[in-house]
Amino acid sequence: MSNASNTIKIDGVVIPFKEGQTIMDAALAADIYIPHLCHKPGLSPHGSCKLCTVDVNGRCVSSCTMPATEGQEIDNNTPALNEVRKTITQMLFIEGNHLCPSCEKTGDCTLQAIAYHLGMLDGHFSQFYPRREIDASHTSLVLDRDRCIMCELCVRASREVDGKDVFATSGRGINRHLIVHSPSGKLGDSNIERDDLAAHICPVGAILIKGDAYKVPIGQRTFDLHSVAETNLDKIILTKVRHHDA
Amino acid sequence: MPKLRVGTTSLGGCFGCHMSFLDMDERIVDLVQHIEFTRSPINDIKHCEPCDIGLIEGALCNADNVHVLKEFRENCKIIIAVGACAINGGVPAMRNHFSLQECLEEAFLDEIGLDNPQIPSDKELPLLLSKVHPIHEVVKVDYYLPGCPPSADAFVKILTDLLEGKEPSLPKEMLHYD
Amino acid sequence: MTINLKPSTHLLHALHAHQQQHRFISDQAMIDIAAQFNIPRPQVEAVTEFYSFFHRTPRGRFDILFSNCTSCGDLTLMQMLCEKLHIKTGETRADGLISIGETSCIGMCDHGASALINSMTIRSISKSMIEGMAELIESDTKLSDWPQNWFQVDDHIRKKGLLLSNSFEAGSALKSMAGRSGQDLLNDVTSSALKGRGGAGFSTGLKWQFCHEAEHETRYVICNADEGEPGTFKDRILLNSHADVMFEGMTICGRIIGATQGYLYLRGEYRYMLDALETTLQHRRETGLLGKNILHQGFDFDVHIVVGAGAYICGEESALIESLEGKPGIPRIRPPFPVTSGLWGKPTVVNNVETLVAAASIILHGHHWFTTHGTWQSKGSKLLSVSGDCARAGIYEYAFGISVQQVLDDAGAKNVQAVQIGGPSGRLIGADYFEHLIAFEDLATGGSFMIFNESRDLLAVIRNFTHFFAHESCGFCTPCRVGTTLLKKGLDKICDGHGTAHDLDELNRTAALVSRRSHCGLGMTAPNPIRDALKNFHPLFKQRLLHQEMEPEFNLDAALEEARALRNGN
Ligand SMILES: Cc1cc2nc3c(=O)[nH]c(=O)nc-3n(C[C@H](O)[C@H](O)[C@H](O)COP(=O)(O)O)c2cc1C
Ligand code: SF4
Ligand code: SF4
Ligand code: SF4
Ligand code: FES
């Protein structure tokens, strides 16, 4: 059932939604940016990063999982919410090992781009400096868990698009980490291939394509040219990275 | 109008931020009409005197870094953390994954081709901190200038804002961590 | 080497059996168990690493986990045992005889210091018992030859009310259903205004109605016996002495909503009750109270018991369902709620043990019997698990509307500094609040009532609770995964005397964000102890601060210690 009277209001702007859409779906369709990291149109929603947090009639909800329903009045692009999102972004930076100047993904990284978008100047909290495993066993991929933000995009892409189930998450609490489905637990031993969506979908520099690092020079990368708030970007990022490898 | 007095220092850093500062080329001529450098590697003055702005490059790696930083904080009205190392530890903080002992042994004992390997213990050498810290963990920081290094434009922008008595800020396109 | 496993129907049970026999879950075991269950190996790895009772490195033949709860834990006893046996916590002794560690509250708060030894509960540990334990362990004495009274758990019922004073004959509530329609029965539950006793307080009648109305052929009833909230042990008493009523409540629910299968999710810490519960189930089957065509009323129902393995989050209903499905206990996205999409995606009712006991009694006695007790928004009675600094810890059943002070008086508590109502996720209140009432509209509680007298270091208590949440966070969402650890570190700094006003401010800010932005109830309540303490006991923090400036403090001497030691060692 879909009819024209289905509308929600985001920051005072009335937008339509279709039955079954989440607030995020409706917002993106209407060209409204709600910051998001663990969400990618086409994959099932996850609701873990909490960057897409919005206030609906005063209640905090994740817009990527909350169904749009008639009458919702939503705060999104407010200074207070962006401050909250900045803090969540800082949490993601300091729980892992992010050293942008030495990271291949710099300029193409969505976490970094969101940090720019939110005006993040420092990590704010003391860093955790976890020791995490790096897996370079695959001929064309590297898995550097230091930068993994547990968004599980690779998990879902592998399962839902590639039909392979290469990745899973394990551990509890601050010890959560990505694991690989192969007898040895190493990527080289799994059935992931360079052309799989899972090999390209990582929003940060945790899954990297070997040899591609500096094909595009720093200064001319996605977020050197675009703002993360452009709502058609998901396509650009994906086509761009996929295009590199074609 | 009296000139703004500016001190600069590099703690555990690579002087890259200072290089980038000088990269503003001829614009520095305009700038020195309005600012004057107190302690700085640029003029080799060793101690910080009371001044308006302290630009701090580098992370805190040893006891000396901590003393210098505290001297700056006591003397400067405004402290600006400049560059990745000052802001989040940067490259020097990569040693934080290991214990100090592991680091020293790797560098001075286990490294191949060392002549008479030993961990330096000269009393003149400042003691190393067990972990590397960004400067905001030790003193209050007023402003942050990210980048590795921050561009010359970013330096100009921040200093110009301050000269004009404005709250310094970077436009989004100048915000970079790399 | 392949490992032969006893056939087992649930992944958690298979892992437990393997852990008991081999002292750990090896890589090979994970591969074999995955094959046995026909699931991907990473799922077995994820489950093994999620639940704290499973280990990937060998534990001792005696594996002891001391509770670190403020009521049933005493880590000085743990240290004593460690010293006697020459072992560090978390480690396994080289000869493989013994390993000792900590675990979250094991629900023995009325018995004093307690522990799990090879997953059996050993309670009321004293210094002299530690001596005895050390000897029994060193001499490799089988647990069955240990003094059996060490394992004897008592009910400690101090005050009986509506539910506990009722003698209940097995099958009586089921018999009373004869000739009544499902709708009629549901009306009774709805009219009783029974609200969930597990914490959230949702109307039980409505929940059953929603589940009944959800379109599907298959529905499930789950009894939530995870009872993980520190300081709560009232479900333990119900499971021990009133299991028939609880199973009857599940059966009634099954009849009303149209479910034929029920699950009892029993926390791993209560494994010692498993045999008795299975026996009760078997007896009920034999007497026609479970199984096909129950009491010739034309409906079928049976119950399986699944035992958890050390994860507080599995008390959250959707995490519990994930756990039942053989996965890590990670809360689901809501909506959909379990009543429309629960176990295996089917409409599911999840109720607390006490809720189901009350429901069975309501069916037997009628809703008037129930509604004549309690307050206008909280009908009936509540079982409180009272523990901490008082003369008589144990179970107190009151009609809703009892004041905190009355409970304190009944339990013989003196010089009370604070009471934690509803466990760490509940409210921390001081004396100015003791006239408030236990009721959904005032002080809501799942049943934990922990008393702290003037001699307690309240900051240490809050620190304990904050560590608990960091340990129990499932790690799914950013605010709770990172935030609970930030809160733990921030509070540690202040407690250790290195904090400043700046750190306190940071703590406050982080706490607010974690409360508001987390994915599930765990994260939303994890900052409660800190937030309540900042509000109600602010001077405690202030006294502990290094200075009142909004400046960070850096302990240079401590930071140089390592370098000094290295230089001197040279
Ligand atoms: C972190 C967390 C832990 C919980 N633990 C329990 C528990 O141990 N027992 C329980 O009955 N409910 C627990 N709950 C509440 C359940 O999610 C659920 O609301 C309850 O089982 C519903 O039953 P009721 O309506 O009978 O109370 C917990 C909730 C959260 C968020
Ligand atoms: S993954 Fe992104 S945020 Fe992390 S270091 Fe690389 S560029 Fe920076
Ligand atoms: S590897 Fe990348 S895509 Fe996968 S969970 Fe980590 S950050 Fe997300
Ligand atoms: S709030 Fe905590 S326990 Fe709940 S989903 Fe998030 S990380 Fe897991
Ligand atoms: S985008 Fe919604 S929680 Fe991550």
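Look up a bit, the structure's there.
The following refers to the structure shown. Owing to the predicted nature of the structure, the values given are computational and were not obtained by experimental measurement.

Quick look at the interface of chain C and chain A now. Counting residues at the interface gives 37 residues for chain C and 44 residues for chain A. Carbon and sulfur atoms make up 59% of the surface buried where chain C meets chain A, a total of about 3200 Å² over both sides. Area buried by chain C at its contact with chain A is led by C:Phe476, C:Arg481 and C:Arg517, which between them contribute 20% of it. Applying the counting rule to chain C against chain A returns 3 salt bridges. Note that A:Asp55 and C:Arg517 form a salt bridge whose closest N and O atoms lie 2.9 Å from each other. Where chain C meets chain A, there are 19 residue pairs in polar contact (both at pLDDT 80 or more). At the level of secondary structure, the elements contributing two or more residues to the side of chain C that touches chain A comprise helix H3 (41–50), helix H16 (458–472), helix H17 (478–495) and helix H18 (501–517) of chain C. Ranked by the residues each element gives to the side of chain C that touches chain A, the list is headed by H17(C), at 8 residues. Across the side of chain C that touches chain A, the residue classes tally to 16 nonpolar, 11 polar and 10 charged.

So, about the pairing of strand S5 (residues 76–82) of chain B. All names here are of chain B. The buried count for S5 comes to 5 of 7 residues, which makes it a mostly enclosed element. As paired elements, strand S3 (residues 51–57) and S5 share 6 bridges and run parallel to each other. Residue Cys51 lies in a different strand from S5, and its bridge partner there is Cys76. Bridge count for S5 against strand S7 (residues 143–145) is 3 bridges, and the pairing is parallel. Considered in S7, the bridge of Ile80 is made with Tyr143.

Strand pairing in a sheet relies on backbone hydrogen bonds, with the paired strands running either antiparallel or parallel. Within the open sheet, the 5 strands sit side by side as S2-S1-S5-S3-S4 (chain A). Their pairing is mixed. Every other strand in the sheet has two partners, leaving strand S2 (13–16) and strand S4 (59–62) of chain A as the edge strands with one partner each. Here the average twist between neighbouring strands, direction ignored, is 35 degrees. Two strands pair when backbone bridges link them, and strand S3 (residues 53–56) of chain A and S4(A) are joined in this way by 4 bridges, in the antiparallel orientation. Paired with A:Thr53 across the strands is A:Ser62, a residue of S4(A). Contacting S3 and strand S5 (73–75) of chain A, helix H2 (residues 79–95) of chain A crosses the sheet at an angle of about 150 degrees to S3(A). Of the strands in this sheet, S3 and S4 of chain A touch H18(C), which is tilted by about 70 degrees from S3(A).

Turning our eyes to something else, we now look at the packing of aromatic side chains. According to the stated counting rule, one finds 19 aromatic pairs over all chains in the structure shown. Residues A:Tyr116 and B:Tyr177 carry aromatic rings whose centres are separated by 4.7 Å and whose planes lie at 65 degrees to one another, so their mutual orientation is edge-to-face. One end of the pair, A:Tyr116, is in helix H3 (residues 110–117); the other, B:Tyr177, is in the segment after helix H6 (152–163), on a second chain. Overall, A:Tyr116 belongs to the buried group, its relative accessible area being 8%. Taken together, the ring pairs in this structure connect C:Phe62, C:Trp146, C:Trp150 and C:Phe151 into an aromatic cluster. Across from the ring centre of C:Phe50, 5.8 Å away, lies the NZ or CZ of A:Arg172, which sits over that ring.

Residue-level contacts link 23 residues of chain A with 23 residues of chain B. Summed over both sides, the interface of chain A with chain B buries roughly 2000 Å², with 57% coming from carbon and sulfur. When the buried area of chain A at its contact with chain B is split by residue, A:Tyr116, A:Leu121 and A:Tyr129 rank highest and sum to 33% of it. One can count 1 salt bridge joining chain A with chain B. Between A:Arg131 and B:Glu102 there is a salt bridge, and its shortest N-O distance comes to 3.2 Å. In terms of residues, the side of chain A that touches chain B owes the most to one element, H3(A), which gives 4 residues. Looking at the side of chain A that touches chain B residue by residue, the classes come out as 11 nonpolar, 9 polar and 3 charged.

Conventions used here
Residues numbered from 1 in each chain as written. Chains lettered and ligands numbered in written order. Predicted model: local features only at pLDDT ≥ 70, side-chain atom pairs only at ≥ 80, totals over all residues. Heavy atoms only, no water. Contact = heavy atoms within 4.5 Å. Buried area = accessible area lost by both parts, 1.4 Å probe. Salt bridge = Lys/Arg side-chain N within 4 Å of Asp/Glu carboxyl O. Polar contact = N/O pair within 3.5 Å; in protein donor to acceptor, adjacent residues only side chain to side chain. Helix = DSSP H or I, 4+ residues; strand = E, 2+ residues; numbered from the N terminus. Nonpolar A, V, L, I, M, F, W, Y, C, P; charged D, E, K, R; others polar. Buried < 20%, exposed > 50% of the residue type's maximum accessible area, 1.4 Å probe, protein only. Pairing = 2+ DSSP bridges. Axes fitted to C-alpha atoms, helices over the stretch in contact; angles between N-to-C directions. Phe/Tyr/Trp six-rings, centres within 6.5 Å; stacked < 30°, edge-to-face > 60°. Lys NZ or Arg CZ within 6 Å of the ring centre and 35° of its normal.

Coordinates in, geometry out; function isn't part of it.
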